[in-house]
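Each chain is listed here by its residues.
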Amino acid sequence: DNVELGGYEHYMLKEIHEQPEALRNAMRGRLDEENATAVFGGLNLTPQQLRGIERITLTGCGTSWHSALVGEYLIEELARIPVEVQYASELRYRNPPIENNTLVFGITQSGETADTLAALRETKRKGHRTLAICNVVGSSIAQAADGGVYLHAGPEIGVASTKAYTSQCCVLTMLALYFGRMRHMSFERGQEIIEELHRLPGAVQQALSCDLQVRDVAAKYKDATNVLYLGRQFNFPTALEGALKLKEISYIHAEGYPAAEMKHGPIALVDKATPSVFIIPHGTTYDKVMANMEEVRARGGPIIAIASHDDPQVDSVADDVIRIPRVPEFLQPIVSVIPLQLLSYHVALLRGCDVDKPRNLAKSVTVE
Ligand code: G6P
C-alpha cells in the first residue's frame, strides 16, 4: 500500500495532487492545433451523424452527475447545442419522448454504476446513440455504449472522486470544442480554447499551493454542523460538488446552491455557527455574488471565499479568502474545485474520519 500511496498519507490526497498530470493525460493527443479542434478516436459515429446531433442528454450519479452539470454549461455555451442533465437513477425509469438526433452520454468514473448502466441501456434500446465518458477501460458501461472517451486519469482509489471529476470536466470541455468547431465556432476561438486548455494543468498546480492555508481554514470550521456552498453559472455545480465532498468524508451536513437562490430559503440558516463557502472568481456574475456575500455578512455568517488571485475587493467581506489563478469562466470549475477538495480532506482528517473509506459509501455502486 505504501508504494502505491507514493508518500501521501491517503489516496484521496494523492489523487488530488495528481490532477495536473491527470488533465495532461486526458488531453494527450486530443488537441488538434492545426484545425483548432479536438479529436477523439473512439466515438464510433460518423462526422455526419455527429453534425446532425440536435440535443444532448448527460447522465450519471454522484460526482459524475455534477460534471454533467458542468457539461451542460460548457456544451450550451461553446457548441450551442441544447443539453439536458438527468440523474441516471431517474432517467432509467422515466419514459421521456424520443426526439430524433439526441445523443446520450453516460458519465462515470468506474463504468460500473448500476443506475448509469441501466439508463444507458434503456436509452439505447429506444434508439438513441449512446456514448460513455469513463475512466475504467473495458468496464460494463464502456462496453454497453456505442462508443466513448476514456479519461486516462489512472486508478482512483479514494471513495470520494477528485481527479476523475476534473478529468470529466476537461473531456467535456474538449467535446464542447469539438461540437462547436463542427458548427459555428471560429478557427480563432478554437485556437484560444486550445491555448487555455494547455495552460490549465499549470493553473491547477498553482491552485494546489493553497493546501497549507486550507488546513488552517479547516481547523477553524471543523466543528460546524452545517455549511453552505454558493456559486453561480459555471460555479454552481462547483458549489454542489464542494458540499458533496464535505458530506461524504467529514459527515458534516452541507448544501450547495446557486448563490442567488440563497434568498429563497438557505439564508434562513445563516447564523454565527453556519459558515458559507462562496465560489466567487472573476466573471459575469461577480457583482451579484458579491452582493449575496454581503447579505450573509450582514447576518453574521462566517464567510470563506474562493476568489481570483488578484481580487482586492473580496477581503473586506470574507473572513477567509483562498486564492486561485485566473482562468476563463468555462475552465473555472476545474480550478475552483481544488480548494474545496482540500477543505473536505482536511476537515475530515481533523475530525478523525476515514478519508479514503467513508462510512456507508462504496467506490462504485453496482446495486440499484
Ligand atoms: C459512488 C461514489 C461517488 C461517485 C458515484 C458515481 O457514489 O462514492 O464518488 O461519484 O458513485 O460513480 P461513477 O463510477 O459512476 O462515476
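How each quantity is defined
- Residues numbered from 1 in each chain as written.
- Predicted model: local features only at pLDDT ≥ 70, side-chain atom pairs only at ≥ 80, totals over all residues.
- UniProt positions renumbered as here; feature names shortened; annotations may be inferred.
- Helix = DSSP H or I, 4+ residues; strand = E, 2+ residues; numbered from the N terminus.
- Rg over C-alpha atoms; globule rule 2.2 N^0.38 Å.
- Buried ≥ 20, exposed ≤ 12 C-beta atoms within 10 Å, placed from the backbone.
- Contact = placed C-beta atoms within 7 Å.
- Arc of directions from axis to C-beta.
- Pairing = 2+ DSSP bridges.
- Axes fitted to C-alpha atoms, helices over the stretch in contact; angles between N-to-C directions.
- Right-handed = clockwise from strand over helix to strand, strands pointing away.
- Core = buried A, V, L, I, M, F, W, Y, C linked by C-beta atoms within 7 Å.
- Expected span 1.5 Å × (residues − 1).
- Parallel < 35°, antiparallel > 145°, perpendicular 65-115°, else oblique.
- Left-handed = near helix turned anticlockwise from the far one by under 90°.
- Nonpolar A, V, L, I, M, F, W, Y, C, P; charged D, E, K, R; others polar.

Under an unreviewed UniProt entry, the name given to the protein chain is Glutamine--fructose-6-phosphate aminotransferase [isomerizing], and the source organism is Stieleria varia. Regarding the protein chain, the UniProt comment filed under Function (unreviewed entry) reads as follows: "Catalyzes the first step in hexosamine metabolism, converting fructose-6P into glucosamine-6P using glutamine as a nitrogen source."

Draft legend 1. Examining the overall build of the protein chain more closely. Per the secondary structure count, the protein chain includes 14 helices and twelve strands. The C-alpha atoms of the protein chain give a radius of gyration of 20 Å, which matches the 21 Å a tight globule of 368 residues would have. Based on the C-alpha atoms only, the size of the protein chain along its principal axes is roughly 55 × 45 × 40 Å. Expressed as a percentage of the 368 residues in the protein chain, the buried residues total 53%. Across the protein chain, every contact between residues at least 6 apart in sequence was considered, and the portion connecting residues at least 24 apart equals 74%.

Draft legend 2. View of helix H11 (residues 211-221). Listed in full, the buried residues belonging to H11 are Val214, Val217, Ala218 and Tyr221. The buried residues of H11 occupy one face: seen down the axis, they fall within an arc of 105 degrees. The exposed set on the far side of H11, more than 90 degrees from its buried face, consists of Leu212, Asp216 and Ala219.

Draft legend 3. Structural detail: the sheet that holds strand E8 (residues 226-231). Taken in spatial order, the five strands of this open sheet run E9-E8-E10-E11-E12, and their pairing is parallel. Looking at strand neighbours, the two that pair on one side only are strand E9 (253-258) and strand E12 (320-324), the edges of this open sheet. The average undirected angle you get between the axes of adjacent strands in this sheet is 20 degrees. Bridge analysis of strand E10 (residues 276-280) against strand E11 (residues 303-308) gives five bridges, and the strand direction is parallel. Each residue of the ladder has a partner; that of Phe278, found in E11, is Ala305. Each of E10, E11 and E12 is contacted by helix H14 (residues 332-350), which is oriented at about 135 degrees to E12, the strand it contacts most.

Draft legend 4. Region of interest: the pairing of E9. Sheet topology places E8 next to E9; six bridges connect them, and they run parallel. Opposite Val227, over in E9, you have Ala254 as the bridge partner. Of the crossover connections in this fold, the one passing from E8 over helix H12 (residues 236-250) to the parallel E9 is right-handed.

Draft legend 5. Expanded view of the nonpolar core. Ranked by size, the top nonpolar core spans 119 residues in total, and within it Phe278 and Ala305 carry the most contacts. In terms of residues, this core owes the most to one element, helix H9 (residues 163-182), which gives twelve residues. Setting aside chain neighbours within four positions, we find Ala305 in contact with Phe278, Ile280, Met293, Val314, Ala318 and Val321.

Draft legend 6. Broad picture of the sheet that holds strand E3 (residues 55-60). Within the open sheet, the five strands sit side by side as E4-E3-E5-E6-E7. Their pairing is parallel. Both outer strands of the open sheet, strand E4 (83-87) and strand E7 (147-150), are each paired with one neighbouring strand and no more. Ignoring which end each strand starts from, the neighbouring axes of this sheet average 20 degrees apart. Bridge analysis of E3 against E4 gives five bridges, and the strand direction is parallel. Residue pairing in the sheet places Gly60 in a bridge with Tyr87 of E4. Across the sheet, helix H7 (residues 114-125) touches E3, strand E5 (102-108) and strand E6 (129-134), and the angle it forms with E5 is around 165 degrees.

Draft legend 7. The environment of Arg189, seen in detail. Among the secondary structure elements, Arg189 is positioned in helix H10 (residues 187-208). Judged by local crowding, Arg189 falls into the partly exposed class, with 15 C-beta atoms found within 10 Å. Considered as a pair, Arg189 and His128 are 61 residues apart in the sequence and their alpha carbons are 30 Å apart.

Draft legend 8. Layout of helix H13 (residues 286-298). Look at H13: 18 Å from first C-alpha to last across 13 residues, which is about the 18 Å you get at 1.5 Å a residue. Within H13, the full set of buried residues consists of Val289, Asn292, Met293 and Val296. Looking straight down H13, one finds its buried side chains confined to an arc of 100 degrees; they lie on one side. Exposed residues lying more than 90 degrees from the buried face of H13 are Asp287 and Ala298. In the segment just after H13, Gly300 is the residue with positive phi, at about 80 degrees.

Draft legend 9. Local environment of the packing of helix H5 (residues 62-79) against H9. Here H5 crosses H9 at 25 degrees, and the two axes come no closer than 9 Å. In this view, H5 runs roughly parallel relative to H9, as classed from their interaxial angle. Taken as a pair, H5 and H9 cross one another with a handedness that is right-handed. Residues Thr63, Ser64, His66, Ser67, Val70, Gly71, Leu74, Ile75, Leu78 and Ala79 of H5 touch H9, and the partners they reach there are Tyr165, Gln168, Cys169, Leu172, Thr173, Leu175, Ala176, Leu177, Phe179 and Gly180. Tallied by class, residues from the contact of H5 with H9 come to twelve nonpolar, eight polar and no charged.

Draft legend 10. A look at unusual backbone geometry. In the Ramachandran plot, Ala36 falls in the positive-phi region, its phi being about 55 degrees despite a non-glycine side chain. Its place among the elements puts Ala36 in the loop between strand E1 (31-32) and strand E2 (37-38). C-beta crowding within 10 Å serves as the criterion here: with 20 such atoms nearby, Ala36 is assigned to the buried category. Positive phi outside glycine occurs at Arg80, with the angle close to 60 degrees. You can see Arg80 is positioned in the loop between H5 and E4. On the neighbour-count criterion, Arg80 (13 C-beta atoms within 10 Å) is partly exposed.

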